[in-house]
Amino acid sequence: MTPDSICKIVCQYNRFPVPKEDMDRLLEIAENCRQVKDYVYQRYGSIRNLSKLYPGYTVQNEMTRNGLRENLGLPSVYFYLAVFDALRDLKSQWTRTKSAVSQKIHHHQEFSEEEKHYLRYILKVSNAFEAVLNCKKICLKPELQRQYELLAKAVDRKRLDQYLRRQVRRVHRRINAGIADGFSLSERAYRYGDRGIYITMKEKRKRIFIPLTDNNQYTRQIYIKLYPEEKKIELKVPVSVRTRRHSDYKKQVGTAMGIYTMLVTDQGHSYGEKLGDYQIELADWIREQTIRYHPQNEAESGRKKYTAQKQCKTEQLHSYINMELNRFLRTEKPEVIYFPKLPKPQKHSGDKEINHSVNLWQRGYIRKRLQQKCQEQSVELIEVFGKNISKECSRCGAFGKKREKTFVCETCGYKTEAQRNTAQNAKKRGMDHKNSHLDE
């Protein structure tokens, strides 16, 4: 079921260049927040301190007592927000680690189903996971403890625990705070007024004022990104947007994504036909700049110009993608979109130009924007199994051949545009899967 509202990031910008003095004060806060986050990463990112991350009050209390905030002279509205941001990052990192280990367990051919079940149980129960990693005795709530003991009796627990610890050591990566180019602000750290925003400084009762390009005002946690060289800032504000519902959006649409034509539907309608031209132009420009670039001779101003031009060309490409996705939704009026799961990009050995185009293929951005727009318009987006989807004939199911941009089935004689055949297969697979679930 599509939710009634979704979260969307809205950006605000400064109207005039930020004075150097004000930018330096903002950069100082950003650096202090970076130091706080880096301290949390180093102090609580290890296996030994895993139990302190949930729910996180232990970390908050220890950070209050260690005197770091006083040493930095950082207001509490910034200090504790940096602590909680770091905790969120650590929890996300452990979630990714568990997911990666779970994939390894799933693909391990020598494990029995009982052994895989035991390992998945340890990954799922946080207290058990922490105990195994720290070689402690597992003590859980009575019901969970009984489940654990039943699973442990059927397997070689010691061998599986060692396997789990070994895989976690291989997969898990420590986080670092990176560069100090921004920080989070709670509602207490800023206020809107006078067609701008007042931001709390490290000095008591001192705020700097930054005029903004719009008059929008928000009351929520925001993030400020700093661009000192350009003398500008960017405020990123999460807002709740109500989804739209369209009574005339009733179609079931299969789609196929391509490098040169962005989307083709099962009816043969094309959207984003100039995508390839934009990507080739960007790839050629980057390749030309790479040939020209000599690190020992290139001035810093030259690299700034290159970065700015690349960003401009990328934004033009993204603008075209968004325009075509909007046209696709307005024209097709879909209730459900079936979208094939794509494999990882494959390199074409020997052809550098094609490799450049493949590397710059915006498929991740296209998918992300399509998901966002479908949520906003209450359109259901279903990802279907993509293996051999471009080789299979959408009419008879036999394997056909692709000749240039045309798909030909030698079994039934079906002939159509290759991307359209893929889109027809996506719709067919999606609807078959959906109907089978309804039958159940």
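Now for a look at the structure at hand.

Conventions we followed
- Residues numbered from 1 in each chain as written.
- Predicted model: local features only at pLDDT ≥ 70, side-chain atom pairs only at ≥ 80, totals over all residues.
- Heavy atoms only, no water.
- Helix = DSSP H or I, 4+ residues; strand = E, 2+ residues; numbered from the N terminus.
- Buried < 20%, exposed > 50% of the residue type's maximum accessible area, 1.4 Å probe, protein only.
- Contact = heavy atoms within 4.5 Å.
- Salt bridge = Lys/Arg side-chain N within 4 Å of Asp/Glu carboxyl O.
- Core = buried A, V, L, I, M, F, W, Y, C linked by side-chain atoms within 4.5 Å.
- Patch = residues over 30% accessible without salt bridge, like charges linked within 9 Å, V, L, I, M, F, W, Y side chains within 5 Å.
- Areas by Shrake-Rupley, 256 points an atom, 1.4 Å probe, with all protein chains shown as cover.
- Lys, Arg positive; Asp, Glu negative; His and termini not counted.
- Charge placed at Lys NZ, Arg CZ, Asp CG, Glu CD.
- Pairing = 2+ DSSP bridges.
- Axes fitted to C-alpha atoms, helices over the stretch in contact; angles between N-to-C directions.
- Phe/Tyr/Trp six-rings, centres within 6.5 Å; stacked < 30°, edge-to-face > 60°.
- Lys NZ or Arg CZ within 6 Å of the ring centre and 35° of its normal.

## Digging into the side chain of E130
Positionally, E130 belongs in helix 6 (residues 126–133). For E130, a relative accessible area of 11% gives the class buried. If near-sequence neighbours (up to four positions away) are discounted, E130 is found in contact with L50, S51 and K136.

## Structural notes on the pattern of salt bridges
Considering all chains together, one arrives at 24 salt bridges under this definition. Among the ionic pairs, E203 bridges to R25, the shortest N-O distance being 3.6 Å. Residue E203 is found in the loop between strand 4 (196–200) and strand 5 (207–211), and its partner R25 is found in helix 1 (residues 20–44); the two are separated by 178 residues along the sequence. A salt bridge links R69 to E70, with the nearest nitrogen and oxygen atoms 4.0 Å apart. Salt bridges linked by common partners bring D22, R25 and E203 together as one network.

## Section: the nonpolar core
By size, the foremost hydrophobic cluster in this structure holds 70 residues, and its most contacted members are L26, Y78, F183 and I199. At eleven residues, the largest contribution of residues to this core is made by helix 4 (residues 76–107). In this view, F183 contacts L26, I29, A30, C33, Y78, I222, Y223, I224 and L226; residues no more than four positions away in its chain are not counted.

## Considerations on a positive patch on the surface
Residues K104, R166, R169 and R170 make up a contiguous surface patch of positive charge. Per-element accounting of the positive patch gives the leading share, three residues, to helix 8 (residues 157–171). Within the secondary structure, R170 sits in helix 8.

## A look at the pairing of strand 8 (residues 251–257)
Summarising burial for strand 8: five of the seven residues are buried, a large majority. Both strand 8 and strand 11 (residues 334–340) contribute to a ladder of four bridges, which runs parallel. Following the sheet pairing, Q252 is matched in strand 11 by V336. The turn linking strand 8 back onto strand 9 (residues 263–265) is made up of five residues.

## Considering the sheet that holds strand 2 (residues 182–185)
Here we have four strands laid out as an open sheet, ordered 1-7-6-2, and antiparallel in their pairing. Sheet topology places strand 1 (5–13) and strand 2 at the edges, where each strand pairs with a single neighbour. With strand direction ignored, the average angle separating the axes of adjacent strands in the sheet is 25°. Two strands pair when backbone bridges link them, and strand 1 and strand 7 (residues 232–242) are joined in this way by nine bridges, in the antiparallel orientation. Paired with I6 across the strands is V241, a residue of strand 7.

## Here's the deal with the packing of aromatic side chains
Counted according to the given criterion, the structure contains ten aromatic pairs. Centroid distance F79 to Y80: 5.1 Å. Interplanar angle 85°. Geometry classified as edge-to-face. Ring geometry for Y278 and Y320: centres 4.8 Å apart, planes at 25°, overall stacked. Remark: Y320 occurs in helix 10 (residues 300–332) and Y278 occurs in helix 9 (residues 275–292); sequence separation between them is 42 residues. The exposure class of Y278 is partly exposed, given its relative accessible area of 30%. On the basis of relative accessibility, which here comes to 8%, the residue Y320 falls in the buried class. In this structure an aromatic cluster arises from ring pairing among Y190, Y192 and Y218. Over the face of the ring belonging to Y44 we find R43, whose NZ or CZ atom lies 5.0 Å from the ring centre.

## Quick look at unusual backbone geometry
Residue R205 is not a glycine yet carries a positive backbone phi of 60°. Its location among the elements puts R205 in the loop between strand 4 and strand 5. Given a relative accessible area of 88%, R205 falls into the exposed group. Positive phi, close to 60°, is recorded for E404, a residue that is not glycine. Exposure remark for E404: the relative accessible area of 77% places this residue in the exposed category.

## Notes on the sheet that holds strand 3 (residues 190–193)
What the three strands build is an open sheet, ordered 3-4-5; its pairing is antiparallel. Bordering the open sheet on either side are strand 3 and strand 5, each of which pairs with just one other strand. Here the average twist between neighbouring strands, direction ignored, is 25°. Two strands pair when backbone bridges link them, and strand 3 and strand 4 are joined in this way by four bridges, in the antiparallel orientation. In the sheet register, Y192 faces strand 4, and the bridge partner there is I197. Against the sheet, helix 1 engages strand 4 and strand 5, with an angle of about 115° to strand 5.

By themselves these figures say nothing about function.
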